[in-house]
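Fold and contact review
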Amino acid sequence: MITVELETEEIDRILGQLLEGLTDASPLMNDLGNYLLATTQDRMTRGEQPDGQPFAPRSQTTLDRYGQIPLGPPLRKTGTMRQQIAYNYGPDWVGIGSNAIQAAVMQFGAQKHSLGPASPWGDIPARPFIGLSDEDQSQILGIIIEWLDSLAQ
């Protein structure tokens, strides 16, 4: 039997860095959270869903209710909900959401009276603002590849 020993210090070093980085990907998850926060807030400013479709318009009932108050696009009356979007992350996960009271209704919609007597004026259409566009998915892959590349330096 013949044994050949190869000097692989550089390969061992790079593999070690990769394994260490993959054990705790918190820096990557933080980068992804920052990206998701920015792209979600940008979409809200543009009045778009993740698939690029515009938010459902306000109903005439809603417009009548607010009268002459300038509203701008849906989900932008005050900008508060946009500002309350946040992300959190850990070693192997990232999540984005909002603690704004109206966020779930805007994301999923609601039927008349489903929220109790406080929602008497009619159905509220879903206006999804959290999700991934095709561009988001491409950018996320790029962020991951760049991060993996940085581990091998």
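Placed above this text is the structure.
All figures in this text were calculated on a predicted structure; none of them were measured in a lab. (Residues numbered from 1 in each chain as written. Predicted model: local features only at pLDDT ≥ 70, side-chain atom pairs only at ≥ 80, totals over all residues. Heavy atoms only, no water.)

1. Observations concerning the overall build of the protein
Across its full length, the protein holds six helices and two strands. Taken from the N to the C terminus, the helices and strands of the protein come in the order α-α-α-α-β-β-α-α. For the protein, the residues scored as buried account for 29% of the 153 residues in total. Considering only contacts in the protein between residues 6 or more positions apart, those separated by 24 or more positions represent 59%. (Helix = DSSP H or I, 4+ residues; strand = E, 2+ residues; numbered from the N terminus. Buried < 20%, exposed > 50% of the residue type's maximum accessible area, 1.4 Å probe, protein only. Contact = heavy atoms within 4.5 Å.)

2. A few points about helix α2 (residues 26-46)
With 21 residues, α2 should reach 30 Å at 1.5 Å per residue; the first-to-last C-alpha distance of 30 Å fits that figure. One or two steps after α2, the chain reaches Gly47, where phi turns positive at roughly 75°. (Expected span 1.5 Å × (residues − 1).)

3. With respect to helix α6 (residues 134-151)
A rise of 1.5 Å per residue sets the reference length of α6, with its 18 residues, at 26 Å; its end C-alpha atoms lie 26 Å apart and thus fit the reference within 8%. Among all positions in α6, only Asp136, Ile140, Ile143, Trp147 and Leu151 are buried. The buried side chains of α6 occupy one side of the element, clustering within an arc of 75° when seen end-on. Of the exposed residues in α6, the ones pointing more than 90 degrees away from its buried face are Asp134, Leu141, Ile145 and Glu146. The secondary structure elements touched by the buried residues of α6 are α1 (9-23) and α2. (Arc of directions from axis to C-beta.)

4. Let's talk about the environment of Thr80
Following the sequence through the fold, Thr80 ends up in helix α4 (residues 80-83). Since its relative accessible area comes to 35%, Thr80 is described here as partly exposed.

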